[in-house]
Amino acid sequence: MPRVRVKLVSWDEIVEWTMGLSKIIEESGWKPDVIVAVARGGYVPARLLCDFLDVTDLISVQSQHWVEAAIVAEKAILRYPYKVDMSDKRVLLVDDIVDTGESLILAREFITREWKPLELKIAALQWISPVAKMKPDYYLIDVKEWIWFQYPWTRLEDISQFITRIFREDERAREEITEDKLKELFIEWYGIHPSELSHYWKLALEKLQKKGTLKKTDKGFKLEKK
Ligand code: AMP
């Protein structure tokens, strides 16, 4: 069993899931005038929903809750709280996944209070029902056991953070380690083989060296910056 359960989600799955979600919304008979994406995770599903539901108006709010991949922050914060008048609009708030639900709760509170929409509904591709503090009006997948869904739009960011976490937290990576050893630890930690990540593995290692997080040594890599 890996330390952090991760599922790599493909672009094809995202299109398929969003299409499934759009059918559920359509079949409910409700149609939004405006779609609001919750940044950043809601962007791709929101854009695809515009396509599948034939909606032209797309805007966003940024509600942040997770500090890095699979590590939650104490509190969600809403950034750039601009105001618009939505008093004659049916608004659909869209996110990728409802985990704790904190970011959506915050976004919903803000929009209801400041934008005063005629109606506000919430849609997400996935809902982690055992832990979520809210249930979206529309969702496609009810996730019964917590997993980090590694969505395709955060692949480089997540892989870089996953690698860094090994160096920070695993005793065996305290000193420099070879790339093969790093791969072995990565599989043990996340249950994913770096070969499944194609060019992202190499890109992540390059990015971490550029940022000064990792240093290349004769043998392999070591943590440069704590
Ligand atoms: P939350 O406020 O906990 O519902 O989550 C806020 C955002 O963090 C989500 O919209 C996702 O973009 C990201 N996130 C949270 N949990 C997960 C997860 N288990 N897998 C992938 N992304 C997640």
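Residues numbered from 1 in each chain as written. Predicted model: local features only at pLDDT ≥ 70, side-chain atom pairs only at ≥ 80, totals over all residues. Heavy atoms only, no water.

## Topic: the domain arrangement of the protein chain
Working step 1: Each assigned domain of the protein chain is listed with its residue range as follows: domain 1 (10-146) and domain 2 (152-223).
Working step 2: Domain 1 and domain 2 are separated by 31 Å when their C-alpha centres are compared.
Working step 3: Each side of the interface is counted separately: domain 1 has twelve residues, and domain 2 has eight residues.
Working step 4: Across the domain 1 to domain 2 interface the summed buried area is about 890 Å²; carbon plus sulfur atoms make up 61%.
Working step 5: Of all residues in domain 1, the largest losses of buried area upon contact with domain 2 belong to W11, E68 and A69, amounting jointly to 47% of the total for that side.
Working step 6: Across the salt bridge formed by R40 and E157, the nearest N and O atoms sit 3.0 Å from each other.
Working step 7: The interface formed by domain 1 and domain 2 includes one residue pair in polar contact (both at pLDDT 80 or more).
Working step 8: If you list the elements that add at least two residues to the side of domain 1 that touches domain 2, you get helix 1 (11-27) and helix 2 (43-53).
Working step 9: Of the residues belonging to the side of domain 1 that touches domain 2, the class tally is seven nonpolar, two polar and three charged. (Domains from an automatic or database assignment. Contact = heavy atoms within 4.5 Å. Buried area = accessible area lost by both parts, 1.4 Å probe. Salt bridge = Lys/Arg side-chain N within 4 Å of Asp/Glu carboxyl O. Polar contact = N/O pair within 3.5 Å; in protein donor to acceptor, adjacent residues only side chain to side chain. Helix = DSSP H or I, 4+ residues; strand = E, 2+ residues; numbered from the N terminus. Nonpolar A, V, L, I, M, F, W, Y, C, P; charged D, E, K, R; others polar.)

## So, the nonpolar core
Inside soluble globular proteins, nonpolar side chains tend to come together where they are buried.
Working step 1: Counting 27 residues, the largest nonpolar core has I163, F167 and F186 as its most contacted members.
Working step 2: At the level of elements, strand 1 (6-8), helix 4 (155-169), helix 5 (179-190), helix 6 (199-210) and strand 10 (221-223) are the ones that each hand at least two residues to this core.
Working step 3: If sequence neighbours within four positions are ignored, F186 has contacts with I159, F162, I163, I166, G191, I192, P194, L197 and W201. (Core = buried A, V, L, I, M, F, W, Y, C linked by side-chain atoms within 4.5 Å. Buried < 20%, exposed > 50% of the residue type's maximum accessible area, 1.4 Å probe, protein only.)

## Remarks on the side chain of S60
Working step 1: You can see S60 is positioned in strand 3 (residues 57-68).
Working step 2: Taking relative accessible area as the criterion, S60 reaches 17% and is therefore assigned buried.
Working step 3: A polar contact of 3.0 Å, which involves the side chain of S60, links it to the side chain of Y43.

## Observations concerning the sheet that holds strand 7 (residues 138-143)
Working step 1: In spatial order, the strands read 4-3-2-5-6-7; together these six strands make up an open sheet with mixed pairing. Each edge of the open sheet carries a strand with a single partner, namely strand 4 (71-79) and strand 7. Along the sheet, successive strands turn relative to each other by an average axial angle of 25°, direction set aside.
Working step 2: In this sheet, strand 6 (residues 119-128) lies alongside strand 5 (residues 90-98) in parallel orientation, the contact comprising eight bridges. (Pairing = 2+ DSSP bridges. Axes fitted to C-alpha atoms, helices over the stretch in contact; angles between N-to-C directions.)

## Let's talk about the site of the ligand
Working step 1: If you check the shell around the ligand, you find 18 residues, and the closest are W66, D96, D99, T100 and S103.
Working step 2: Here a nitrogen atom of the ligand sits 2.7 Å away from a polar atom, N or O, in the side chain of D99.
Working step 3: Residue F149 places a main-chain N or O atom 2.9 Å away from a nitrogen atom belonging to the ligand.
Working step 4: If the ligand stood free it would expose 480 Å²; the protein chains cover 92% of that surface.
Working step 5: Contributing elements (two or more residues each) for the shell around the ligand: strand 3, strand 5, helix 3 (102-115) and strand 8 (148-150).
Working step 6: Per-element tally for the shell around the ligand: the top contributor is strand 5, with four residues. (Near = heavy atom within 4 Å. Areas by Shrake-Rupley, 256 points an atom, 1.4 Å probe, with all protein chains shown as cover.)

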